Amino acid sequence: MRQAHLYACLRLFYQQKKEETILRKVMIQLGNRVSRRAFQIRQALTNRSGEGFVDTAIKILMAVVIGALVLAGLYALFDETVLPTLTRRVQEMFNYAG
């Protein structure tokens, strides 16, 4: 009876050690996962690779607006100054009576 009690105590002791070892491994794995996730979050927060999208959009918008202003200015210049003068000169060139 005493020997059976000793075996039962030893089996309980080894079972507890095994559970402690499993628990220790689980805690280490959990700590590794938390550390890895914290590193990924830190990297995502310090990453500045998407910063250029806004700059590029502003540059494109500025180029479109400046291009439209240049075209409007050229249209106004040709409509008021160049075309009437050009029309008059062409008419003078083909006016043989004059």
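What comes next is a walk through the structure. Quick caveat, the model's predicted, so the values are computed rather than measured.

Procedures and definitions
- Residues numbered from 1 in each chain as written.
- Predicted model: local features only at pLDDT ≥ 70, side-chain atom pairs only at ≥ 80, totals over all residues.
- Heavy atoms only, no water.
- Helix = DSSP H or I, 4+ residues; strand = E, 2+ residues; numbered from the N terminus.
- Rg over C-alpha atoms; globule rule 2.2 N^0.38 Å.
- Buried < 20%, exposed > 50% of the residue type's maximum accessible area, 1.4 Å probe, protein only.
- Areas by Shrake-Rupley, 256 points an atom, 1.4 Å probe, with all protein chains shown as cover.
- Lys, Arg positive; Asp, Glu negative; His and termini not counted.
- Charge placed at Lys NZ, Arg CZ, Asp CG, Glu CD.
- Salt bridge = Lys/Arg side-chain N within 4 Å of Asp/Glu carboxyl O.

## Topic: the overall build of the chain
So, step 1. When helices and strands are counted, the chain shows 2 helices and 0 strands.
So, step 2. Against the 2.2 N^0.38 benchmark of 13 Å for 98 residues, the chain shows a C-alpha radius of gyration of 43 Å, more extended than a compact globule.
So, step 3. If one aligns the C-alpha atoms of the chain with their principal axes, the spans along those axes are about 145 × 20 × 10 Å.
So, step 4. Of all 98 residues assigned to the chain, the portion counted as buried reaches 0%.
So, step 5. Approximately 9,600 Å² of the chain is accessible, and the part contributed by carbon and sulfur atoms is 65%.
So, step 6. Put simply, the chain has 14 plus and 7 minus side-chain charges, and the middle of one group is 30 Å from the middle of the other.

## Observations concerning the pattern of salt bridges
So, step 1. The final tally for this structure, using the stated rule, is 1 salt bridge.
So, step 2. The residue Glu92 makes a salt bridge to Arg88 at a minimum N-O spacing of 3.1 Å. Of the two residues, Glu92 and Arg88 both sit in helix α2 (residues 52–93), 4 residues apart, roughly one turn of that helix.

## Side note on the environment of Leu61
So, step 1. With respect to the secondary-structure elements, Leu61 resides in helix α2.
So, step 2. In sequence terms Leu61 and Glu80 are 19 residues apart; their C-alpha atoms lie 29 Å from each other.

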